[in-house]
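Examining the three-dimensional arrangement
Now for the letters of each chain:
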Amino acid sequence: MMTTKIILIVEDDAPLQSNLQVYLTAQQYRVLQAGNVEEASEALQTETPDLILLDLLLPGKPGTALLESLKAKECHIPVIVITNTDTPGRREECMQLGARDFVIKSNISLQTLGQLIEKYTNER
Amino acid sequence: MATFNPDFRKVFESVPGCYLILLPDRDFTIVAVSDAYLEATKTERSNILGKGLFTVFPDNPNDPNATGVKNLTASLQTVLKTRGAHTMAIQKYDIPRPAAEGGGFEERYWSPRNSAVLDEKGDILCIVHCVVDVTKQKQTENTLQDSEQRLTLALDAAQTGAWDLDMIHDTAIRSLRHDQIFGYNTLQPTWGSAIFFKHIVPEDRQMVQQAFQEAVTTGTLIFECKIQWPDSSIHWITARGHMYYDTKQTPVRMLGTVNDITKHKQAEDEIERTKAFLDSIIENIPNMIFVKDAQELRFLRFNKAGEELLGYARSDMLGKNDYDFFPKTEADFFTKKDRDVLESNTPLDIPSEPIRTRTKGERILHTKKIPIYDKQGKPKYLLGISEDITEQKHAEKARAEFVMLVSHQLRTPLAAMRWSFEILKERISHFSDTEQRLMNQSYTAMLGMSETINTMLSVAHIDTQKIMVNPSECSLSNVLKPLLNDFNVEAQQRHMHLTLDAPEDCTIISDATLLREIFSNLLSNAIQYTPDEGSICVSIKKEGQTAIVTVTDTGIGIPENAMGSLFEKLFRAENAKKIKAGGSGLGLYVIRSLTTLLGGTVSASSKEGKGATFTVRLPVLSTFNTP
């Protein structure tokens, strides 16, 4: 029997949190929610998610702070950055900090996002 | 009393003068000649005695104007007739040169006098022909005439008038040119200092008077002044003169020249006006302008905008260099750039350089440095023009931040809507046909809005040159397949054929994100402007070192008159406006800008009503045009 995969969503926007929760649950994932970097770090102390969906513009520390701390701890949980700010250089910055992918939320369908999640969780 | 029995022939021959004794016969036969005459005419007594005068002294056959024989004959005839004496005017009468001296004739001038010697009956016994050789005197005279003529020519060529002022009688002899310079066509009957002063404009009279007074002591006169012509017009002259004194050191005469320098003065005035005009521009231009000497890079010139920008008065700046005003690192930077410009002889554009000012803190300048050469082509000055772009830079940053904020604020609710729709669509079978149609319409509208925001962001990034190219290996199939999948949703709903023709994959070094944006825009256009049940074919092929992607549709096509402007910002073809009134006109502009950035090209071919083909050519090994 396949074990249920865990996705940690780090997103402060409630409707988006809810959309992702509904969709991923329907896709048989277990979903953990964090509204900022601190909550995410806390969750990571007790759980080991198979993938992290990470927003960048968060209350308090930016999403890149989590990427930095994961990189420092040599933690290899795949991270897909989901953001709406694609200022030049931002994608490259995140990829250098270890993100596996970088997507613009309004430009990606849940189906395509689901395919990416499946791809990166299966790589482990 | 001593006896004196002279041989009178001997005495005559020894007389220190040139004499001939001629018989009053037809040939004027020579019967006696003085030694001096023989010497002067280079003849020998034995060769001339007993011969006719004109047999010995014919006219110079090489001188067509020779009149010696004719004039002398006339004079001798007069003497025969009057039995008296006749003095002739100075005659040019060339003499034969002895063969030993080269033969031919020698130029000679003579002052002759002929007088009859009468016997007791009063008949003419003989004629005494006396001549004075005036050749030297005449030649000197001729030389003088020549030089006078040359002087006149030179003065005329230099447009110079000459004058000679008798200071005792206040009268002046002048050349015609002198009087012409004062506005007269012909020489005036009288001239003197009083007349001269009348021509000088009142405001210059005192100055000229002073120049004359100084000339009395210095011996030299020199001045420039304005004169008024008889026709009232004003002219400029310059005069120079030299004073001559009598034994009591009283000035008696002055010789000099005068020139009309009106044109020169007008040109000078024009230069002055131009200089003042340029000065005024330089002074009032809102950019800092400075000039440094090429050797020590010291400020030679500095304008008002520069004073305001740096906060130093120009009196503080002039003669100093950058190290007197700026921190060492900044001064080092400026000096290095200055030296680069001067050594390479090439102007330099520094798009952005910070500078520490005295009162305005740190400012950002856009500076151009230009070398200015001397006549030998060596750099003499360094010209600098700086524009304060601090506010512009701040505005650019603020705009970028604003665009980022707006995009985030708009995209977040759009993403929530999009994902909500997508969740609902999973349950679409539960909805009625009308509900399904409404939902699909809303979803399509939402996707369009998302696309518009993306395009606007791209344009903002292109216009601020903020796009970065991140090269990596890109498989064109891998870039295009997911895009086709996304667009296939709408294509299927509209019963369109969307196909990819890629017999072999093509991998290029490029930027995958920018490629996605280019092809996404092309596909979006193709779908929008192709009617239901049409077809769209994307093909990938490789020709040498070029990857070629074409997007061909069976849509409305492009009118011929729109072809030239197709890729311009905000341009929309008339037939496109009819299909989709609210298009932005930015899509093709973005496509062309990004393709260019990737070192490629994009072109279109079409016939209106018969579809269109867009061809993107990209280098396999990219040479990016970095902004």
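Description of the structure in this document. Bear in mind that the values here come from a model prediction, so they are computed numbers and not experimental data.

So, on to the overall build of chain B. Scanning chain B from N- to C-terminus turns up 19 helices and 25 strands. Looking at chain B residue by residue over its 627 residues, the buried ones come to 40%. Contacts spanning at least 24 positions in sequence make up 52% of the contacts within chain B whose residues lie at least 6 apart. By element, 54% of the accessible surface of chain B is carried by carbon and sulfur atoms, the whole surface being about 35300 Å².

With that settled, the discussion passes to the overall build of chain A. Counting its secondary structure elements, chain A contains five helices and five strands. For chain A, the α and β elements follow one another from N to C terminus as β-α-β-α-β-α-β-α-β-α. Per-residue burial for chain A yields a buried fraction of 53% across its 124 residues.

Taken together, the contacts link 26 residues of chain A with 23 residues of chain B. Here chain A packs against chain B, burying approximately 2200 Å² in sum over the two surfaces, 60% of which is carbon and sulfur. Sorting the residues of chain A by area buried against chain B places N84, P88 and S106 of chain A first, and these three jointly supply 24% of that buried surface. For the pair chain A and chain B, the interface holds zero salt bridges. The interface formed by chain A and chain B holds 11 residue pairs in polar contact (both at pLDDT 80 or more) in total. Mapped onto the side of chain A that touches chain B, the elements with two or more residues apiece are α1 (14-26), α4 (90-96) and α5 (110-122) of chain A. The leading source of residues in the side of chain A that touches chain B is α1 of chain A, at six residues. Grouping the constituent residues of the side of chain A that touches chain B by class yields 11 nonpolar, 10 polar and five charged.

Take the pairing of strand β22 (residues 535-543) of chain B next. Residues and elements named next belong to chain B. Summarising the sheet, strand β20 (residues 497-501) and β22 pair through five bridges and their orientation is parallel. Bridging from a neighbouring strand, L500 pairs with V538 of β22. Across eight bridges, the pairing between β22 and strand β23 (residues 546-553) is antiparallel. The partner of S539 across the bridge, within β23, is T550.

To continue, consider the nonpolar core. Residues and elements named next belong to chain B. Among the nonpolar cores identified, the biggest contains 52 residues, and L476, L515 and F519 are the most heavily contacted of them. Going through the elements one at a time, α15 (433-463), α16 (476-493), α17 (512-528), β22, β23, α19 (587-597) and β25 (612-619) are the ones with two or more residues in this core. If one sorts the elements of this core by residue count, α17 sits on top with eight residues.

Taking 1.5 Å of rise per residue, 23 residues should cover 33 Å, and helix α6 (residues 135-157) of chain B covers 32 Å from first to last C-alpha, within 8% of that figure. Two residues or fewer after α6 of chain B comes Q159 of chain B, characterised by a positive phi angle close to 55°.

Our next topic: the packing of α15 of chain B against α19 of chain B. Residue and element names in this part refer to chain B. Running from N to C, α15 and α19 cross one another at 45°; their axes reach a closest spacing of 10 Å. The pairing of α15 with α19 is recorded here as oblique in orientation. When the axes of α15 and α19 are compared, the crossing they make is left-handed. Across from T455, S458, V459, I462 and D463 in α15, the residues of α19 making contact are G587, Y589, V590, S593 and L594. Looking at the contact of α15 with α19, its residues break down into five nonpolar, four polar and one charged.

On to the sheet that holds strand β11 (residues 220-228) of chain B, then. Residues and elements named next belong to chain B. In space, the five strands of this open sheet follow the order β10-β9-β13-β12-β11, with antiparallel pairing throughout. On the outer flanks of this sheet lie β10 (171-174) and β11, each paired with one strand and no other. Each strand of the sheet is rotated relative to its neighbour by a mean of 25°, with strand direction disregarded. Examined bridge by bridge, strand β9 (residues 160-166) and strand β13 (residues 251-260) share seven bridges and lie antiparallel to one another. Residue T160 lies in a different strand from β13, and its bridge partner there is N259. The strands that helix α9 (residues 202-218) touches are β11, β12 (234-245) and β13; relative to β11, the one it contacts most, it runs at about 165°. Seen against the sheet, helix α10 (residues 262-284) touches β11, β12 and β13 and runs at an angle of roughly 125° to β12.

A few words on a nonpolar patch on the surface. Residue and element names in this part refer to chain B. A cluster of nonpolar side chains, F4, F8 and V11, forms an exposed patch at the surface whose accessible area comes to about 360 Å². Following the sequence through the fold, V11 ends up in helix α1 (residues 8-14). Overall, V11 belongs to the partly exposed group, its relative accessible area being 40%.

The subject of this paragraph is the side chain of D293 of chain B. All names here are of chain B. With respect to the helices and strands, D293 occurs in strand β14 (residues 288-293). It turns out D293 is buried and unbridged, and the closest side chain with the opposite charge, R298, is 5.5 Å from it. Among the polar contacts made by the side chain of D293, one reaches the main-chain amide nitrogen of Q295 at a distance of 3.2 Å.

Oppositely charged side chains may form a pair once their charged atoms are brought near each other. Residues and elements named next belong to chain B. Per the counting criterion, the structure on display carries 38 salt bridges over all chains. Its salt-bridge partner being K369, residue D338 comes within 2.7 Å of it at the nearest N-O pair. One end of the pair, D338, is in helix α13 (residues 328-344); the other, K369, is in strand β17 (residues 362-373), and 31 residues separate them in sequence. Comparing D338 with K369 shows no difference in burial state: the two are buried. Salt-bridge contacts for R363 lead to E391; the nearest nitrogen and oxygen are separated by 2.9 Å.

A separate point is the environment of T346 of chain B. Residues and elements named next belong to chain B. Take T346: it is sitting in the loop between α13 and β16 (348-356). Judged by its relative accessible area of 40%, T346 falls in the partly exposed class. For the pair T346 and I370, spaced 24 residues apart in sequence, the C-alpha to C-alpha distance is 7.0 Å. Polar side-chain contacts of T346 include one of 2.8 Å to the backbone oxygen of S344.

Moving on, we get to α17 of chain B. Residue and element names in this part refer to chain B. Taking 1.5 Å of rise per residue, the 17 residues of α17 would be expected to cover 24 Å, and the 24 Å separating its terminal C-alpha atoms lies within 8% of that figure. Turning to α17, its buried residues are L514, L515, I518, F519, N521, L522, L523, S524, N525, A526 and I527. The opening residue of α17, the one whose side-chain oxygen lies 3.0 Å from the backbone nitrogen of T513, is D511.

Residues and elements named next belong to chain B. Strand order in the open sheet made by the five strands is β20-β22-β23-β25-β24, with mixed pairing throughout. The open sheet has two free edges, formed respectively by β20 and β24 (601-606), since each of these has just one partner strand. In this sheet, adjacent strand axes meet at a mean angle of 15° when their direction is disregarded. In terms of strand pairing, β23 meets β25 through eight bridges, oriented antiparallel. Bridged to I548 within β25 is R617. Lying on the sheet, α16 is in contact with β20, β22 and β23; it crosses β20 at an angle near 170°.

The rules behind these values
Residues numbered from 1 in each chain as written. Chains lettered and ligands numbered in written order. Predicted model: local features only at pLDDT ≥ 70, side-chain atom pairs only at ≥ 80, totals over all residues. Heavy atoms only, no water. Helix = DSSP H or I, 4+ residues; strand = E, 2+ residues; numbered from the N terminus. Buried < 20%, exposed > 50% of the residue type's maximum accessible area, 1.4 Å probe, protein only. Contact = heavy atoms within 4.5 Å. Areas by Shrake-Rupley, 256 points an atom, 1.4 Å probe, with all protein chains shown as cover. Buried area = accessible area lost by both parts, 1.4 Å probe. Salt bridge = Lys/Arg side-chain N within 4 Å of Asp/Glu carboxyl O. Polar contact = N/O pair within 3.5 Å; in protein donor to acceptor, adjacent residues only side chain to side chain. Nonpolar A, V, L, I, M, F, W, Y, C, P; charged D, E, K, R; others polar. Pairing = 2+ DSSP bridges. Core = buried A, V, L, I, M, F, W, Y, C linked by side-chain atoms within 4.5 Å. Expected span 1.5 Å × (residues − 1). Axes fitted to C-alpha atoms, helices over the stretch in contact; angles between N-to-C directions. Parallel < 35°, antiparallel > 145°, perpendicular 65-115°, else oblique. Left-handed = near helix turned anticlockwise from the far one by under 90°. Patch = residues over 30% accessible without salt bridge, like charges linked within 9 Å, V, L, I, M, F, W, Y side chains within 5 Å. Lys, Arg positive; Asp, Glu negative; His and termini not counted.

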